[in-house]
Amino acid sequence: MSRPRFEDEFGGSYILIEPGNFTMGDVVGDGLARELPTHQVDIDLPFFIGQRPVTQIHWESVMGYNPSKFQDGWSSGLRPVDSVSRAECMDFILRLNESFNAPRLSLDGLWRLPSEAEWEYCAKSGTETKWCFGDFDGDLDEYGWHAGNSGASTREVGLKKSNNWEIYDIYGLISEWCQDNYRSDYSIPSRQTAHVDGSEVYSVRGGSWFTESDSTRSSSRSFANFDKSSDGIGMRLVWEPI
């Protein structure tokens, strides 16, 4: 059954993610130390997440400029925005909340980035394998763009299969900023809300068009300084009912 959803003013679709619990981290056993220790996380509050990453046309409509590297071609506006620092993403979200935040489904809410726990909960979408489709990376081409099939470029969002919860491009295409400050392991309290410690280094998730398949796994993690702009990093929005 299709999940409740709404569309924004820019053609983006956001689907309801209901509360539940999952095991965060590398449950398969061949990931990196920064994906350990595995731990149970309760997702206590519902939220809506973008079915696709923020596109270039969405970003430019709000910000008035397009920083992306991959702007060639008639369909470039439907590629994910790239080369945006986390600081720029926060400015984008501030403008969305100021000017594009009418009630959705008769609810008030706020735009924000996903927490790492929310991002991984959505990526795993009820599974405990490397990817939502299993452990065999040969099947990844059906779900995401990565170094082996991207042609050294981003592509339009939503061209590959969705995961189990109707979310597209969660594996590869563009890495996505999270709310959380990056930490080197999971030796902290388990929770849905973001881990914030005041550092300038933040978590990014999902791998990108130039990373190998292993970096696109559901539990794989990376990081970047808040002011870093990379043609491999973009963003996905969450809308939180309040």
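One can find the structure itself at the top, above this paragraph.
Model, not experiment: these values are computed from the prediction. (Residues numbered from 1 in each chain as written. Predicted model: local features only at pLDDT ≥ 70, side-chain atom pairs only at ≥ 80, totals over all residues. Heavy atoms only, no water.)

Before going further, it helps to spend a moment on the environment of Met24. Within the secondary structure, Met24 is located in strand β3 (residues 20–24). Since its relative accessible area comes to 2%, Met24 is described here as buried. Separated by 97 residues in the primary sequence, Met24 and Tyr121 place their C-alpha atoms 7.6 Å from one another. Beyond its immediate sequence surroundings of up to four residues, Met24 is in contact with Pro37, Thr38, His39, Val41, Glu116, Ala117, Glu120, Lys124, Tyr186 and Arg205. (Helix = DSSP H or I, 4+ residues; strand = E, 2+ residues; numbered from the N terminus. Buried < 20%, exposed > 50% of the residue type's maximum accessible area, 1.4 Å probe, protein only. Contact = heavy atoms within 4.5 Å.)

Note that Pro114 resides in the loop between β6 (109–112) and α3 (116–124). Given a relative accessible area of 1%, Pro114 falls into the buried group. Residues Pro114 and Glu128, spaced 14 residues apart in sequence, show a C-alpha to C-alpha distance of 20 Å. The contact partners of Pro114, leaving out residues within four places of it in the chain, are Trp119, Trp177, Cys178, Gln179, Asp180, Arg236 and Val238.

A few words now on the nonpolar core. Residues Ile17, Phe47, Ile49, Phe133, Ile167 and Tyr171 are the most contacted members of the largest nonpolar core, which totals 25 residues. Those elements giving two or more residues to this core turn out to be β2 (13–17), β3, β4 (39–43), β5 (47–50) and α3. Looking at this core element by element, the count peaks at five residues for α3. Setting aside residues no more than four positions away along its own chain, Ile17 makes contact with Arg3, Pro46, Phe47, Ile49, Tyr121, Cys122, Trp165 and Ile167. With 24 residues, the next largest nonpolar core counts Leu113, Tyr202, Ile233 and Leu237 among its residues. (Core = buried A, V, L, I, M, F, W, Y, C linked by side-chain atoms within 4.5 Å.)

In this section: the sheet that holds strand β8 (residues 201–205). Spatially, β9-β8-β7-β10 is the arrangement adopted by the four strands of the open sheet, whose pairing is mixed. Two strands in the sheet have a free side with no partner beyond their single neighbour: β9 (221–225) and β10 (233–234). In this structure, β8 lies alongside β9, joined through five bridges in antiparallel fashion. In the strand pairing of β9, Val204 is matched with Ser222. (Pairing = 2+ DSSP bridges.)

On to the sheet that holds strand β1 (residues 5–7), then. Reading across from one edge, β1-β2-β5-β11-β6 is the order of the five strands in this open sheet, with antiparallel pairing throughout. Edge strands, defined here as strands with exactly one partner in the open sheet, are β1 and β6. Across the sheet, the axes of successive neighbouring strands diverge by a mean angle of 25 degrees, strand direction being ignored. Across two bridges, β5 lies against strand β11 (residues 238–241) in antiparallel orientation. The partner of Phe48 across the bridge, within β11, is Trp239. (Axes fitted to C-alpha atoms, helices over the stretch in contact; angles between N-to-C directions.)

With that settled, the discussion passes to helix α2 (residues 86–99). With 14 residues, α2 should cover 20 Å at 1.5 Å per step; its first-to-last C-alpha distance of 20 Å lies within 8% of that length. By the burial criterion, the buried members of α2 are Arg86, Cys89, Phe92, Ile93 and Leu96. Seen along its axis, α2 keeps its buried residues to an arc of 110 degrees; they face one direction. Pointing more than 90 degrees away from the buried face of α2 are the exposed residues Glu98 and Ser99. (Expected span 1.5 Å × (residues − 1). Arc of directions from axis to C-beta.)

Function cannot be read off these values alone, since they describe shape.
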